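Spelled out from the first residue to the last, the chains are:
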Amino acid sequence: MAMALFCLILLFKSTPSDFTTDVHKHTHKGDKGYCSENDWLESFTVIRRLINNGFHRELVSHVQCAAAVPEGSQVLLLEKLPQGVYVDPYQLTSAQEHSDTQVLLASEIDLEAPAYLSSGFSALVYASLDPQCSWCFTTTLPVHARYHRPAGSGEAEQRVSIESPRLLVRAEESTLPLACPQNKVTEAPCTAQNHSLCVWLEIHYQQELEAVSLQIPVGDQRQVLAVCTGTLSVTLLCCCMILGAVWKHGHFQL
């Protein structure tokens, strides 16, 4: 398991070419006819949206293929999330008991750190079949906004963009055109529970938006003095009121 996790970390830190397998080593060389029989791999569309409001959102991805996919196919999204958001691993553990979406994080996550002390991270999100759509898969990833530095320019919100994921497909190797030159072969954990490495095919897909984004409210640095003065004044007033009530109604014994 430790070796598989080490390879997983390398997967996100290395360039994509580091994980492109020379397909001629393990399968036959494909010709144009063989490759054209797998046009379904070129008909994927990914639709993404953020639902809910405030600091706590859900990133929903809908993967649709315009043609029939081989039975037993799996879909994996390789998400690269920015420093302005985080995923709660404890929430994932609880949610995955009642959800078909499985998530494997590539690194530990500090839940308390603000955005300016955090770094981006990667996650493998294993999609589940969508029962309401033929040849469709769906994922739901809970994401939470981190606190940002107060803005000095009077801006009330900070935009955080989530880039598009890499899309990987896995099926029986006999049904995937691993030998076609336009296809990129990658190794990744088979499932979120099984960290053994399996062969996946990276797919180029169409998408409605280049990236989804959320607006996060931030403080106004120009109001720091007023806020601190008001907070200190209210604190002192409350302390005086408490002391006065204790002095008036308290029973003291000498």
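Residues numbered from 1 in each chain as written. Predicted model: local features only at pLDDT ≥ 70, side-chain atom pairs only at ≥ 80, totals over all residues. Heavy atoms only, no water.

Regarding the overall build of the protein
Okay, step 1: Along its length, the protein carries 4 helices and 14 strands.
Okay, step 2: Within the protein, contacts between residues separated by at least 24 positions form 74% of all contacts whose residues are at least 6 apart in sequence.
Okay, step 3: Put simply, the protein shows about 15,300 Å² of open surface, and 55% of that area lies on carbon and sulfur atoms. (Helix = DSSP H or I, 4+ residues; strand = E, 2+ residues; numbered from the N terminus. Contact = heavy atoms within 4.5 Å. Areas by Shrake-Rupley, 256 points an atom, 1.4 Å probe, with all protein chains shown as cover.)

What to know about the sheet that holds strand 3 (residues 74-81)
Okay, step 1: With antiparallel pairing, 6 strands are arranged side by side in an open sheet as 5-6-3-10-12-11. Strands at the two margins of the open sheet, each flanked by one partner only, are strand 5 (102-105) and strand 11 (184-189). When strand polarity is set aside, the average angle formed by the axes of neighbouring strands in this sheet is 35°.
Okay, step 2: As defined by bridge partners, strand 5 adjoins strand 6 (residues 121-126) across 4 bridges and the pair is classed as antiparallel. Across the sheet, V103 pairs through a bridge with V125, a residue of strand 6. (Pairing = 2+ DSSP bridges. Axes fitted to C-alpha atoms, helices over the stretch in contact; angles between N-to-C directions.)

Notes on the UniProt feature "transmembrane region" (unreviewed entry) in the protein
Okay, step 1: The positions UniProt marks with the feature "transmembrane region" (unreviewed entry) are residues 224-247.
Okay, step 2: With 100% helix and 0% strand, the stretch residues 224-247 has end C-alpha atoms that lie 34 Å from each other. (UniProt positions renumbered as here; feature names shortened; annotations may be inferred.)

Focus: the nonpolar core
Okay, step 1: By size, the foremost hydrophobic cluster in this structure holds 37 residues, and its most contacted members are F44, V63, V87, L105, L141, L167 and L214.
Okay, step 2: Of the residues forming this core, the biggest block, 4 residues, is contributed by strand 8 (residues 136-145).
Okay, step 3: Those residues in contact with F44 that lie beyond four places of it in its chain are V63, Q64, C65, V69, L167, V169, I203, Y205 and Q206.
Okay, step 4: In terms of nonpolar packing, the next biggest core, distinct from the first, is built from 11 residues, L104, C190, C198 and W200 among them. (Core = buried A, V, L, I, M, F, W, Y, C linked by side-chain atoms within 4.5 Å. Buried < 20%, exposed > 50% of the residue type's maximum accessible area, 1.4 Å probe, protein only.)

Focus: the packing of aromatic side chains
Okay, step 1: Here the structure, examined in full by the defined rule, presents 2 aromatic pairs.
Okay, step 2: Pairing F55 with Y147 gives two aromatic rings, centres 5.3 Å apart and planes at 40°, and the pair type is tilted. In this pair, F55 is assigned in the loop between strand 1 (44-51) and strand 2 (56-65) and Y147 in the loop between strand 8 and strand 9 (157-163), connecting sequence segments 92 residues apart.
Okay, step 3: For F55, a relative accessible area of 22% puts it in the partly exposed group.
Okay, step 4: Owing to a relative accessible area of 63%, Y147 belongs among the exposed residues under this scheme.
Okay, step 5: A cation sits over an aromatic face here: R149 above Y116, 3.9 Å from the ring centre.
Okay, step 6: Directly above the aromatic system of W200 lies the positively charged group of R170, at a separation of 6.0 Å from the ring centroid. (Phe/Tyr/Trp six-rings, centres within 6.5 Å; stacked < 30°, edge-to-face > 60°. Lys NZ or Arg CZ within 6 Å of the ring centre and 35° of its normal.)

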